[in-house]
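Observations on the three-dimensional arrangement
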Amino acid sequence: MWLRGASALALLGLLGCADTEKAHYQYDVDLRWTSYGIPHVKANDWGSLGYGFAYATATDAVCVIAKDVQMVNGNLSAHFGPEGGNLPSDIFHKAILTDAKLADYDQQQSARAKAMNVGYAAGYNRFLEDHKDSMPKSCAGADWVRPITETDLIRLGIGVGIRYGLGRFQKQIAQASPEPQQTELAQAEWKLPAGIGSNAIAIGRDLSANGRGILLGNPHYPWHGASRFHMIHLTLPGELDVMGASLLTTNRVAIGFNKDMAWTHTVSTAKRFTLYQLTLNPENPYEYLYDGEYRAMQKRTVTVPVPDDEAGTTSEQSHTTYFTHFGPVVESKALPWNGQMAFALRDAVVDNYLTAETYDALAKATSTAEVEAAISQQGVYWTNTIAADRQGNAFYADISGTPNIDQELLERCQIDLPDSMSYLILLRGDDSQCEWYEDPASRVPGTLAPDNMPRLTRSDYVSNSNDSYWLSNPAAPLEGYSPVIGDEGAARSLRTRAGLSQLTELQQGKGKVSPQDLRDMLYNQRNYAAELLLDDLLVLCANDDELQESCNALKNWDRTMNVGSRGGHVWREFWRDARSIDKLFAQDFDATNPVATPAGLNIEDPAVRPQLRRALLAAEQRLDDANIALDATLGEIQYAQRNDAKIPIPGGEGWAGMFSMIRTNLQADKGYAPIFHGNSYIQTIGWNADGSVDAQGMLTYSQSPEPDSPHYKDLTELYAAGKWIDLPFTEQAIASDPQLRSLRLQQ
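Report on the accompanying structure.

The rules we used
- Residues numbered from 1 in each chain as written.
- Predicted model: local features only at pLDDT ≥ 70, side-chain atom pairs only at ≥ 80, totals over all residues.
- Heavy atoms only, no water.
- Phe/Tyr/Trp six-rings, centres within 6.5 Å; stacked < 30°, edge-to-face > 60°.
- Helix = DSSP H or I, 4+ residues; strand = E, 2+ residues; numbered from the N terminus.
- Lys NZ or Arg CZ within 6 Å of the ring centre and 35° of its normal.
- Buried < 20%, exposed > 50% of the residue type's maximum accessible area, 1.4 Å probe, protein only.
- Polar contact = N/O pair within 3.5 Å; in protein donor to acceptor, adjacent residues only side chain to side chain.
- Contact = heavy atoms within 4.5 Å.
- Salt bridge = Lys/Arg side-chain N within 4 Å of Asp/Glu carboxyl O.

**Remarks on the packing of aromatic side chains**
- Under the defined criterion, the tally for this structure stands at 24 aromatic pairs.
- Judged by centre distance (5.3 Å) and plane angle (80°), the rings of Phe169 and Phe273 are edge-to-face. Residue Phe169 is located in the loop between α8 (150-161) and α9 (170-174), and its partner Phe273 is located in strand β9 (residues 273-281); the two are separated by 104 residues in the primary sequence.
- By the ring-pair criterion, three or more aromatic residues cluster together here, those being Trp557, Trp571, Phe574, Trp575 and Phe585.
- The residue whose ring lies beneath Arg642 is Tyr712, and the NZ or CZ to ring-centre distance is 5.0 Å.

In structure tokens:
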């Protein structure tokens, strides 16, 4: 597809060369692709940069972008049918993304951001026109692939921001009603989807081998859909030169580096929303009590086009959603809307329109101090930020969209919930004293101001693997922050401990750390839980005839999840059940020794021992039922399917003890496939002694999700082989790339 379109454009460019010198173009951009389909976009203005950004991204992911445009416009049902969550998605997006909200968002954007959006829309539309006869097979000829406008970009921008807040409760918002439900209420998934997370390590001058900073960025993100990463390099001479990865439906580098600084993100533990319990008017279920008076809910009625079953035509269905001054009313099995009460959700990000401003500043930052200033503009929605610079600073912060609530407000206003919902914060909705605090230092209403959120700059290291800020560096615990940001003095996950333990080993064994050490730390595929606990399990099963097959598989396992390792999947299935056993550990968590505890399996406890035994038997049975040999190599049973090829993928779940994260489900007769979450865009950025950047990286699933793309599997094959690629950041590196392809776009 790319070669046909690019060749035609190149020919047109040559034929029109004489006229080009005389003409004035609104958009003028140079696109260059280096090996593995990495685009380098160079322009002299923001509109042209957006134009090239869109064209380059659409080259690999036009079908994903096109479908997401339909999603945020509430048109999935019209094109794909109402099933599979499409109808509630349409109702949700039409109800949330109103004309008034789009106007509010647009009003707060800078001239630069608006130019980027307008240029992006024009560049995307140019791609559609240039490739109308050579689109990927997955959307060739589809009527849902259409030109876009800058308004679509606003919808996409807001949609990304609310993806892990309001966006997780589309069904609960779409179906909320005091009327008897004809269909079963959806069960809300209040916690973030499993696998959303990341690892990040920043090394400072005292630990770095050459005194320069080093960064490992290792986000764990979906392998499919709009949340995939896409590598890209953006240059505005004299103003911007940044490389890294964007999400497929965004137009900024989300994780990346420039010549002075590198940054990455990890999903933070901070809350993004709270629920409010509404006391209803017994005479009117659409009114709720607030400070002694009843307030009317706002009704928003939307129409959704839905195809008729047999006629082949489309009809309009009308649906009503309900809003309070807190936000939308939600209804689930656990939170029903009845004659006495209902529940509303307030989101900390839905009114935050600061992302473009924040990431433009972040991309141009020259130090971790400037990174801190950039993210303090409050456009980072739901992640921690970890950064390093060539001066040798290591930086961590959780400055993200978070409700402004303290312990005193919780004690006064919080309503208890069952243990299964204890992750949530439910507040009284009848008292204005239970509203989120307003702080003039915060640019987003009701959210914590940056100065009240945790951050740490060190000369040795900082890290995060999706636990709270507390142990960003165990030598300097961060304490005293609002409980809505995260916990303190509590046990860390096995993945967090795996990273911290390996850092301690590097400090004690080598004294100094290089970028290669961080690459090895991720690719060694060690299972920390097995290193910590497997010996105890082997003692338990050693003389048990019924457990000998699984016990032997574990005994012969090298305790890694490399593709040639045998037996690691037995541990994975054992730990799936064993991790929930009460009093599992022989040594409890100790806040004074948080990296090493809890530790040991409690095999001497008469209540724990039989449960451990049952967990191992259950693991063996699950694998037997799936026709998976206990001594199979990981590469035989965990793989990414790329057309006719099965590419073995190393790694495993963080909950099973892995630092290197891959998430999948056990499938009968297949094994662990397909991969749906885990290691995605990975970067290790350092600086040489002369201050020049040293950048290597990997995109585990490759640049394009399209099976007919030349970049559908090339990087995946390298990842399976344990390799890295140099990220061509300098002009010299780009110009000397053996696969260099160039294209000048003008309009």
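**Things to note about unusual backbone geometry**
- Here Thr597 and Pro598 are connected by a cis peptide whose omega angle stands at 0°.
- If you check the backbone angles, Tyr36 has positive phi at about 70° while not being a glycine.
- One can find Tyr36 in the loop between β1 (28-34) and β2 (38-43).
- Given the relative accessible area of 28%, Tyr36 is considered partly exposed.

**Quick notes on the side chain of Lys101**
- Along the chain, Lys101 turns up in helix α6 (residues 99-107).
- Judged by relative accessible area, Lys101 falls into the buried class, the value being 11%.
- From its side chain, Lys101 meets the backbone oxygen of Val350 in a polar contact 3.0 Å long.
- Reaching out from Lys101, the side chain makes a polar contact with the side chain of Asp351 at a distance of 2.7 Å.
- When neighbours within four sequence positions are excluded, Lys101 is seen to be in contact with Ile96, Ile158, Val350, Asp351 and Tyr353.

**Some points on the pattern of salt bridges**
- Following the criterion strictly, the structure yields 32 salt bridges and no others.
- The closest approach of N and O atoms between Lys132 and Glu129, which form a salt bridge, is 2.9 Å.
- For Glu129, a relative accessible area of 46% gives the class partly exposed.
- Residue Asp260 pairs with Lys259 through a salt bridge whose shortest N-O separation is 3.1 Å.
- Each of Glu573, Arg576, Asp577 and Arg622 takes part in salt bridges that share partners, so that together they form one network.

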